[in-house]
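Spelled out, the chains give:
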Amino acid sequence: MKVNILAIESSCDETSASVISDGKILNNIIATQSVHEKYGGVVPELASRAHQQHLIPVVAEALSDSGIDKKDLKAVAFTKGPGLMGSLMVGVSFAKSFAYALGIPLIEVNHMQAHILAHFIEEPKPKFPFICLTVSGGHTQLVLVKDYLEMEIIGETTDDAVGEAFDKTAKLLGLPYPGGPLIDKYAKEGNPNAFEFPISDIPGLNFSFSGIKTSVLYFLRDQIKDNPDFITENLADICASIQHTLVKTLLQKLKKAAQIHGIREIAIAGGVSANSGLREALKGMADKHDWNIYIPKFEYCTDNAAMIAMVAHFKYLKGEFCGLDVVPEARMKF
């Protein structure tokens, strides 16, 4: 009998469902939420309501598209955390009800571990041990990955995540939410060395990104005093310089981690791993230091249920199930 698992992701503002069969992802259905754009960021209550609207249609499509009947499922997996509590509650409540009705076990998944295991959805797959730079709107972490379910955080941000830094600086430039992809878009046309912003280099392998937001704020304030049209006239160069600074901050720590642990297998994951500047800079560093690098497809960078399903597959093989008393955790450690 094949091991068929339904996976659900609802940690923030994407509602997603996926079916995995014997370790092979059959689909990855995602419903995005555009309602947050006019507010300049994700509104938790609106996200929860959107999940309630999208979840059943998304699950129905995932099952229909896979050709697998619900009676042939062996388990239901879901994101336990970290994430927005209301959004997580929608996914967890549905998963518990669905699994209980079918009489099959539940598998809880850590969202950040799932981003890392997205690398095992398709070839090429990293070899253990490897270091993964996990970068998103809410997290920035350096993770030493020893096995599928054995991971250690060796560095993380002490304040803002890098995704926050992208979005917050984009907001200072008057760009709509989400601003990170727009900075990436305009940066392609700009000079990354046009303006200099400070690179935070705190001790060890931890990161700090709060300083660049303040630096950009004061820089723009001073420039606009002399030229009210400064942002409009220099948007591409400003975006390129901001992106250059953020990427350099990430990669200097990644390089240090690789040297400390003597590892040449390097991966990136999370929403910010879709950034073209980060991808190109990583490729350049890989050539210089003889790294084997792994960069996920764009559809597996942002929040998606396929990565949840991949974790669930390995947990199922080890018999790691949870009970119906499971509750979501907005803040969740490995």
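(A) Quick look at a nonpolar patch on the surface. Taken together, the side chains of L172, L217 and Y218 define a hydrophobic patch exposed on the protein surface, amounting to about 260 Å² of accessible area. With respect to the helices and strands, the residue Y218 is situated in helix 6 (residues 210–226).

(B) Spatial organisation of the pattern of salt bridges. One pass over the full model with this rule turns up 13 salt bridges. A salt bridge links K146 to E152, with the shortest nitrogen-to-oxygen separation between them at 3.2 Å. On the basis of relative accessible area, E152 is assigned to the partly exposed category, the value being 37%. In this structure, the salt-bridge partner of K283 is E280, at a minimum N-O distance of 3.6 Å. In this pair, K283 and E280 both sit in helix 8 (residues 276–289), 3 residues apart, roughly one turn of the helix. Under the relative-accessibility criterion, K283 is labelled partly exposed at 39%. Overall, the relative accessible area of 51% leaves E280 in the exposed class.

(C) Structural context of the sheet that holds strand 11 (residues 292–294). Spatially, 5 strands are ordered 9-8-7-10-11 in an open sheet, and the strand pairing comes out mixed. At either end of the open sheet lies a strand with only one pairing partner, and these are strand 9 (150–156) and strand 11. Each adjacent strand pair in this sheet contributes to an overall mean axis angle of 25 degrees, direction not counted. One ladder, built from 6 bridges, connects strand 7 (residues 130–135) with strand 8 (residues 140–147); its direction is antiparallel. Counted as the bridge partner of C132 is V143 from strand 8. Helix 8 contacts strand 7, strand 10 (265–269) and strand 11 of the sheet and is inclined by roughly 175 degrees relative to strand 10.

(D) Up close: helix 9 (residues 305–317). In this model helix 9 runs 19 Å from its N-terminal to its C-terminal C-alpha over 13 residues, within 8% of the 18 Å that 1.5 Å per residue would give. For helix 9, a buried count of 11 out of 13 residues is recorded, marking the element as mostly surrounded by other parts of the structure. Along helix 9, the positions that sit buried rather than exposed are A305, A306, M307, I308, A309, M310, V311, A312, H313, F314 and K315. On its buried side, helix 9 packs onto strand 1 (4–9), strand 2 (14–21), strand 3 (24–25), strand 5 (75–81), strand 6 (106–110) and helix 3 (111–117). One side-chain oxygen of the residue at the start of helix 9 lies 3.1 Å from the amide nitrogen of A306, identifying that residue as N304. Backbone geometry just downstream of helix 9 places G319 in the positive-phi region, at approximately 70 degrees.

Parameters at a glance
- Residues numbered from 1 in each chain as written.
- Predicted model: local features only at pLDDT ≥ 70, side-chain atom pairs only at ≥ 80, totals over all residues.
- Heavy atoms only, no water.
- Patch = residues over 30% accessible without salt bridge, like charges linked within 9 Å, V, L, I, M, F, W, Y side chains within 5 Å.
- Areas by Shrake-Rupley, 256 points an atom, 1.4 Å probe, with all protein chains shown as cover.
- Salt bridge = Lys/Arg side-chain N within 4 Å of Asp/Glu carboxyl O.
- Helix = DSSP H or I, 4+ residues; strand = E, 2+ residues; numbered from the N terminus.
- Buried < 20%, exposed > 50% of the residue type's maximum accessible area, 1.4 Å probe, protein only.
- Pairing = 2+ DSSP bridges.
- Axes fitted to C-alpha atoms, helices over the stretch in contact; angles between N-to-C directions.
- Contact = heavy atoms within 4.5 Å.
- Expected span 1.5 Å × (residues − 1).
- Polar contact = N/O pair within 3.5 Å; in protein donor to acceptor, adjacent residues only side chain to side chain.

It is worth stressing that arrangement in space is one thing and function is another; only the former is reported here.
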